[in-house]
Structures are given as structure tokens and as C-alpha cells.
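Each chain, written out:
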Amino acid sequence: MTKKTIEIKIDLEARQVALFVQKANQFSSKVYMQLKNLRVNAKSIMGMMSVGAITGDRLELSADGADEAEAIPALESFLLGEE
């Protein structure tokens, strides 16, 4: 399992959540996002909408699977607004 805590640079509103979920689903690994005490499947639109993360929030991304080493940097890049 690979984990990384990051400070996000974008608000996770509906459009950004949909794009993030699409990106997460490109990986075969299980991918999760945790903000405070809420941990959700990052491949689920409903789960991700419930997070309500905004710019400056510190959250933890975790991935577990064959391509976990590629998943975390790609998703981190999205949350930092680098895409």
C-alpha cells in the first residue's frame, strides 16, 4: 500500500470530482481518499462528493494494487492543479 498526505490546491466541486473519479478509475489499484475521519473510495462519485474538500485541505491518498506507485503521483498532480 502506498500513502501520501497532500495539501490540495483545487476545490473538489462536481466537475472536478467527476474528472478525478475518471482519473482514479484508470488504475486497477484500490484508491481511497481520507479527509479528517471520512475515508471514501476515490473511484466512487457519491463517495467523493461527500468529502467536500476545498483548497488548502490536507488529505491522505492511498492506493493498494499492481499500479499503486503510478496512481498516487497522477492523482496528486490532479489535486495540485497541475493538469
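Being a predicted model, the structure only gives us computed values, none of them experimental. Throughout, a residue's number is its position along its own chain's written sequence, starting from 1. Reporting in this predicted model follows two pLDDT cut-offs: at least 70 for local features of residues, and 80 or more for side-chain atom pairs to be given and counted; totals over whole chains, interfaces and linings ignore these cut-offs and use all residues. The side-chain figures draw on all heavy atoms in the structure; neither hydrogens nor water molecules are used.

**Some words on the pattern of salt bridges**
Part 1: The salt bridge definition used is simple: a Lys or Arg side-chain nitrogen within 4 Å of an Asp or Glu carboxyl oxygen. Enumeration according to the criterion identifies 2 salt bridges in this entry.
Part 2: Note that Glu76 is salt-bridged to Lys4, the shortest N-O span being 3.1 Å. Of the two residues, Glu76 is situated in helix 3 (residues 68-79) and Lys4 in strand 1 (residues 2-7); the sequence distance between them amounts to 72 residues.
Part 3: Overall, Glu76 belongs to the buried group, its relative accessible area being 16%.
Part 4: A salt bridge links Glu7 to Lys9, with the shortest nitrogen-to-oxygen separation between them at 3.9 Å.
Part 5: For every residue, the accessible area obtained with a 1.4 Å probe (protein chains only) is divided by the maximum for its type, and the residue is called buried under 20%, exposed over 50%, and partly exposed between those limits. Here Lys9 falls in the partly exposed class, since its relative accessible area comes to 47%. Elements are defined by DSSP. Helices are runs of H or I of four residues or more, strands are runs of E of two residues or more, and each kind is numbered from the N terminus.

**Let's talk about the side chain of Asp67**
Part 1: Tracing the backbone through its elements, the reader meets Asp67 in the loop between strand 4 (58-64) and helix 3.
Part 2: Think of it this way: Lys and Arg go in the positive column, Asp and Glu in the negative one, and His and the chain ends go nowhere. Salt bridges are absent for the buried Asp67, whose nearest opposite-charge side chain, Lys43, sits at 6.6 Å.
Part 3: If sequence neighbours within four positions are ignored, Asp67 has contacts with Phe27, Ser28 and Ser29. Contacts were defined at the residue level, with two residues in contact if any of their heavy atoms lie within 4.5 Å.

**Quick look at the packing of aromatic side chains**
Part 1: Pairing of aromatic rings covers Phe, Tyr and Trp, the last counted by its six-membered ring, and requires centre-to-centre distances within 6.5 Å; plane angles under 30 degrees mean stacked, over 60 mean edge-to-face, and any other angle means tilted. Using the criterion set out here, one finds 1 aromatic pair in the structure.
Part 2: Summarising the aromatic geometry, the rings of Phe20 and Phe78 are spaced 5.7 Å apart at their centres and angled 55° between planes, so their arrangement reads as tilted. Pair noted here: Phe20 is in helix 1 (residues 14-24) and Phe78 is in helix 3, with a separation of 58 residues, a long-range link. Of the two residues, Phe20 and Phe78, both sit in the buried class.
Part 3: Sitting over the face of the ring of Tyr32, Arg39 holds its NZ or CZ atom 3.9 Å from the ring centroid. Counted as over-ring charges are cases with an Arg CZ or a Lys NZ within 6 Å of the ring centre that also lie within 35 degrees of the ring normal.

**Brief notes about the environment of Val40**
Part 1: Secondary-structure assignment places Val40 in strand 3 (residues 38-41).
Part 2: The spacing of Val40 and Arg58 is 18 residues in sequence and 15 Å in space, taken between C-alpha atoms.
Part 3: Beyond its immediate stretch of four places on either side in the chain, Val40 contacts Val31, Tyr32, Met33, Gly47, Met48, Ser50 and Val51.

**Considering the nonpolar core**
Part 1: By nonpolar core is meant a set of buried Ala, Val, Leu, Ile, Met, Phe, Trp, Tyr and Cys residues that side-chain atoms within 4.5 Å join together. Residues Leu12, Phe20, Met33, Met48, Leu59, Leu61 and Leu79 are the most contacted members of the largest nonpolar core, which totals 26 residues.
Part 2: Listed by contribution, the elements that provide at least two residues to this core are helix 1, strand 2 (30-35), helix 2 (45-51), strand 4 and helix 3.
Part 3: Here this core gets 6 residues from one element, more than from any other, and that element is helix 3.
Part 4: In this structure, Phe20 is in contact with Met33, Ala42, Met48, Leu61, Leu75, Phe78 and Leu79, ignoring residues within four places of it in sequence.

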